Amino acid sequence: VALLQFLWYNITMVNKSLLLLFIFTVALAGWSYFYVNRVQFTQSAQIVSALQNDPPMQIGLLPISSSKLIEPVYGFKERITKKPFGIFITPDTSPVQPDHFTGYHTGVDAEFDNVVEDVPVRAIADGTVVVSTWANGYGGIVVLKHTINNASLFAVYGHLDPARFLPLSTTRVKAGDQIGILGDGHSQETDGARKHLHFSLYTGDKIDFRGYVETKEELTSWLNPLDLYH
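What you see is a predicted model, and the numbers here were worked out from it, not measured in a lab.

Participant: Lay out the sheet that holds strand 11 (residues 212-213) with the relevant residues and their values.
Facilitator: The antiparallel open sheet is built from 3 strands, whose spatial order is 1-2-11. Among the strands making up the open sheet, the edge pair consists of strand 1 (88-89) and strand 11. As paired strands, strand 2 (residues 103-105) and strand 11 are joined by 2 bridges and run antiparallel to one another. Looking across to strand 11, one finds that His-105 is bridged to Tyr-212.

This is the structure we're talking about:
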């Protein structure tokens, strides 16, 4: 303590200002990290818990025809070139190498590994934000609840940059609203995965954003997204 007091009283006012600025910058960076990586996770966990404990929860959305759905990313259908819906893979048979997953693919992957610029991700329909966080296997992930053709569906938008999500105060989105940006490939933003959008639609009452399931019976809870795009 005595040494710190000596140093403080013997440095110039300019250096004191620089030191205080440095301390403030470090503190602000630490707070920002906590805000993005912890507060969002806590809020998402609370929302998920509420939905799971109260499945009949109504979100007040009008049904939307599948013919009016927005593509979640540009060139959506054309970019599904490696992992379509329902494909069974193992680390040895996966069309993406290296890969460590085994199971039936619950969604579709739209590939953007050859794209450098930002890729906006958009809500396919009016919806409610129920998850906005970082998750193993995905990096950044957003889950919206939509009402499409009179059915309530959870839509999973995976591998997004968690630093560029919607504001935390956002609970409702309109069709076509930008909900995020694809994360950079092979980074923490995508949990090490290539740059692509994993998109899936789940019909259950409880949120389930697994990218793979073990059996075909489990797969029946998911829809092939391409069935809604003609």
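Participant: An account of the layout of surface pockets is needed here, citing residue identities and associated values.
Facilitator: There is about 500 Å³ of room inside the largest pocket. Looking at the largest pocket, it is lined by 28 residues, and the ones nearest its centre are Asp-99, His-100, Phe-101, Gly-137 and Ala-193. When the residues that make up the lining of the largest pocket are grouped by side-chain class, the tally is 7 nonpolar, 13 polar and 8 charged.

Participant: Explain unusual backbone geometry to me, and be specific about the residues and the numbers.
Facilitator: For the peptide bond that leads from Gln-97 to Pro-98, omega is -5°, which places it in the cis range. Inspection of the secondary structure assignment puts Pro-98 in the loop between strand 1 and strand 2. In this model, His-159 sits at a positive phi of 80°, which is unusual for a non-glycine residue. Note that His-159 resides in strand 7 (residues 151-160). Here Asp-191, not a glycine, exhibits a phi torsion of approximately 55°, which is positive. With respect to the secondary-structure elements, Asp-191 resides in the loop between strand 9 (178-181) and strand 10 (196-202). The exposure class assigned to Asp-191 is partly exposed, which follows from its relative accessible area of 35%.

Participant: Describe the packing of aromatic side chains, and please don't skip the residues or the numbers.
Facilitator: All chains considered together, the criterion is met by 8 aromatic pairs. Ring centres 5.2 Å apart and planes at 80° place the aromatic pair Tyr-74 and Phe-112 in the edge-to-face group. Pair noted here: Tyr-74 is in the loop between helix 2 (13-53) and strand 1 and Phe-112 is in the loop between strand 3 (108-111) and strand 4 (120-122), with a separation of 38 residues, a long-range link. Exposure remark for Phe-112: the relative accessible area of 0% places this residue in the buried category. Here the aromatic cluster, defined as three or more aromatic residues joined through ring pairs, consists of Phe-76, Tyr-157, Phe-199 and Tyr-229.

Rules of the game
- Residues numbered from 1 in each chain as written.
- Predicted model: local features only at pLDDT ≥ 70, side-chain atom pairs only at ≥ 80, totals over all residues.
- Heavy atoms only, no water.
- Pairing = 2+ DSSP bridges.
- Helix = DSSP H or I, 4+ residues; strand = E, 2+ residues; numbered from the N terminus.
- 1 Å grid on protein atoms, 1.4 Å probe; cavity = no way out; pocket = protein on both sides within 12 Å on 5 of 7 lines; lining within 4 Å.
- Points joined across faces, edges and corners; volume = space filled by probe spheres on them.
- Nonpolar A, V, L, I, M, F, W, Y, C, P; charged D, E, K, R; others polar.
- Buried < 20%, exposed > 50% of the residue type's maximum accessible area, 1.4 Å probe, protein only.
- Phe/Tyr/Trp six-rings, centres within 6.5 Å; stacked < 30°, edge-to-face > 60°.

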